Amino acid sequence: MEIMIAINNLILVEFRTKIFRIFVTQKCLNFCLFALFFTFSIATTTSADEKIKALDFSGNGPLFLSNKQIKEDLLQAEHFLQENYVRYSILEDQGLRWKEVFNKLADQLSANKNPTLTHHFQKQLISGLEFTEDSSLQADLFIKKRHYIQRVDPKVAFFTGIRLAQQQERFRVLPTQNQASKIVNNWFNDCTAFHEVFFPILPERQSEELFMLGQQANHQLKPLICEFENDSGEKQIKQLPLTFPEAELNNSEMPVYEFESGRTPYVRWYRDGKSGEVAVKQFYKLARKLQSTRVLILDVRGNSDGSFSFIEKWLKEFTRNNWQNVIVQERQTLSILAGLLNRVQWNLHHASARFLIGSAQLENKRLQLLALIKHFKEQEITEKLVETKFIFNGKHTAPKWNTRLIVLTNQHCGNGCQFLAALSKQLPHGVLIGTNTGPFPKNTSGPIYQLKHSRIMLSFSHRLHLNHLREPVSTSGYLPDYWLFPPMGRMDILRFASKKN
């Protein structure tokens with residue numbers, strides 16, 4: 001009897017396995033059919049005079065490019081940027097001459113006696129666009145089963161460790177750990193590099209202005225060579241290595257928050273939490289407890305995934321004031337919508353066979369874009385701006401805002417962090433400390449365009465980050481009022497916060 005039961009169980013397992021295999025096979029076939037349908041449909045659903053060509057992922061593009069092909073691809077890249085890149089006109093208004101940029105790039109590449117490697121052209125193209133400091137600009141190239149990626153890296157702050165105090169129109173070197181003592185109290189003259197930067201740092205006393213000597217770049221820099229002079233007029237040259245402080249990034253294992261009471265309350269928000277978590281309830285309770293505080297430090301360094309909705313609930317317990325600060329403005333044109341269709345195809349191509357549910361979502365997105373394209377044509381719409389605003393409406397039972405807000409940030413800054421950083425810039429006595437908040441919003445769904453000869457896929461953002469005054473925010477994000485460099489830490493911030501400035 002037991003043998004018969006075992007045999008029946010085995011037959012049942014085999015039957016279920018076959019059914020599961022059939023199910024998986026059917027899903028995979030559906031996925032493949034969808035991919036074929038997508039590729040065909042995006043090339044045929046628009047009018048003949050404005051066809052949307054599908055992206056070519058075959059990798060069969062040329063390994064080398066002639067000068068003629070390079071010039072034509074550069075003209076096409078310039079056209080794509082002029083028509084669709086959201087910061088094109090902003091940079092142009094600031095005095096940038098785009099044609100000169102591309103002409104210079106064409107001259108550099110045409111100087112090669114031999115044909116240019118396609119992936120070398122890709123690298124030079126992005127290198128030529130680094131002046132934008134916009135990390136949404138990216139070039140992807142598929143050749144012979146290889147994927148080459150080039151993107152504009154954002155600039156970061158490198159520091160020397162040399163602290164300077166401004167006295168009238170000169171800068172005097174302050175005592176600093178781990179630096180040559182021979183230049184303490186010397187005057188700074190200049191550096192051989194042209195782009196040394198004076199980063200404002202926390203003052204030790206009221207009304208003084210302190211700076212950290214450093215430089216900004218998107219690559220590792222050679223040491224600064226600088227000249228210093230004592231009160232007797234004796235000069236000396238110092239070589240100063242440049243260091244980039246590593247930005248901490250929070251993870252899901254960290255607590256929701258950390259609180260330190262005292263003369264100045266310090267709250268560090270690490271991550272979002274679920275409504276049922278005890279820590280979340282305690283976090284909201286803390287907001288009610290702090291309602292009467294006159295100075296508050298909110299540390300959101302490394303909080304890359306913290307949402308606006310989560311910190312909004314916390315602030316509702318804290319204040320009844322209303323604010324509107326972060327604005328994301330999305331530009332829509334027929335050409336941009338065509339590029340967004342390419343983005344849908346990109347997402348589909350990079351989805352694995354296990355990503356079965358996502359194919360339906362991509363299909364819905366594709367249909368929405370096609371409907372929008374049809375609407376633009378029927379209504380003869382040339383351009384449309386769609387705005388998303390971070391609006392905070394306080395709780396009427398909470399007290400009116402009467403707090404000096406000090407916000408700490410770094411480059412890993414999510415939606416909630418960006419809102420708080422913007423709030424510190426909006427409030428009369430708000431202060432932003434740390435580093436720049438990084439690019440926002442992240443370019444995960446911008447349009448993609450493929451160059452004719454090289455088959456390079458050029459992508460960038462069609463969204464613009466605006467502040468509460470409706471001014472474009474830097475591609476590096478909000479810049480701090482005071483930069484934070486090692487070994488500066490929490491005690492320095494608490495000391496600063498306790499001062500009546």
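Rules used throughout
- Residues numbered from 1 in each chain as written.
- Predicted model: local features only at pLDDT ≥ 70, side-chain atom pairs only at ≥ 80, totals over all residues.
- Heavy atoms only, no water.
- Helix = DSSP H or I, 4+ residues; strand = E, 2+ residues; numbered from the N terminus.
- Expected span 1.5 Å × (residues − 1).
- Buried < 20%, exposed > 50% of the residue type's maximum accessible area, 1.4 Å probe, protein only.
- Arc of directions from axis to C-beta.
- Pairing = 2+ DSSP bridges.
- Axes fitted to C-alpha atoms, helices over the stretch in contact; angles between N-to-C directions.
- Phe/Tyr/Trp six-rings, centres within 6.5 Å; stacked < 30°, edge-to-face > 60°.
- Lys NZ or Arg CZ within 6 Å of the ring centre and 35° of its normal.
- Patch = residues over 30% accessible without salt bridge, like charges linked within 9 Å, V, L, I, M, F, W, Y side chains within 5 Å.
- Areas by Shrake-Rupley, 256 points an atom, 1.4 Å probe, with all protein chains shown as cover.
- Salt bridge = Lys/Arg side-chain N within 4 Å of Asp/Glu carboxyl O.
- Disulfide = S-S within 2.5 Å.

Student: It is not clear to me how helix H6 (residues 278-289) should be interpreted in this structure. Could you clarify?
Tutor: Helical geometry: 3.6 residues make up each α-helical turn, so side chains three or four residues apart lie on a common side. If you check H6, its first and last C-alpha atoms are 16 Å apart, about what 12 residues at 1.5 Å a residue would give, namely 16 Å. Along H6, the residues that are buried comprise Val280, Phe283, Tyr284, Leu286 and Ala287. For H6, the angular spread of buried residues about the axis comes to 150°, placing them on one side. The exposed residues of H6 that point more than 90 degrees off its buried face are Val278, Lys281, Lys285 and Lys289.

Student: What should I look at first to understand the sheet that holds strand E15 (residues 322-332) in this one?
Tutor: As a general point, the strands of a sheet are linked pairwise by backbone hydrogen bonds and lie either parallel or antiparallel. Strand order in the open sheet formed by three strands is E16-E15-E21, with antiparallel pairing between adjacent strands. Looking along the sheet, the strands with just one partner apiece sit at the ends: strand E16 (384-393) and strand E21 (463-466). Within the sheet, the average angular offset between the axes of one strand and its neighbour, ignoring direction, is 20°. Note: E15 against E21, four bridges, orientation antiparallel.

Student: Help me understand the packing of aromatic side chains, please; the structure alone is not making it clear to me.
Tutor: Centre distance and the angle of the planes are the two values used to describe a pair of aromatic rings. Scanning the model with the defined rule gives 33 aromatic pairs in all. Relative to phenylalanine 496, the ring of tyrosine 482 lies with its centre 5.2 Å away and its plane at 65°, an arrangement referred to as edge-to-face. Taken together, the residues tyrosine 482 in strand E22 (residues 482-483) and phenylalanine 496 in helix H11 (residues 490-498) connect sequence positions 14 residues apart. A cation over an aromatic ring shows up here: arginine 172 above the ring of tryptophan 187, its NZ or CZ 4.0 Å from the ring centre. Residue placement shows lysine 316 over the ring face of phenylalanine 392; its charged tip is 5.5 Å from the ring centre.

Student: What am I meant to see in a nonpolar patch on the surface here?
Tutor: Among the surface-exposed residues, Leu63, Phe64 and Leu117 lie close enough to one another that they form a single nonpolar patch of about 270 Å² accessible area. Relative to the helices and strands, leucine 117 is located in strand E2 (residues 116-117). On the basis of relative accessibility, which here comes to 34%, the residue leucine 117 falls in the partly exposed class.

Student: Whenever I open this one, the state of the cysteines confuses me. Can you help?
Tutor: By definition, a disulfide links the sulfur atoms of two cysteine residues through a covalent bond. For the coordinates displayed, the defined rule picks out two disulfides. Here cysteine 191 pairs with cysteine 226 through a disulfide, and the sulfurs are 1.9 Å apart. Measuring the twist about the S-S bond at about 90°, one finds the cysteine 191-cysteine 226 disulfide to be right-handed. Here cysteine 226 lies in strand E10 (residues 224-229) and cysteine 191 lies in strand E7 (residues 187-191), a separation of 35 residues in the sequence. A single burial state applies to cysteine 191 and to cysteine 226, both of which are buried. Sulfur-sulfur distance for the disulfide between cysteine 413 and cysteine 417 comes to 1.9 Å. Judged by the sign of its S-S torsion, about -100°, the bond between cysteine 413 and cysteine 417 is left-handed. Sequential numbering of the bridged cysteines in the chain gives the disulfide pattern 1-2, 3-4.

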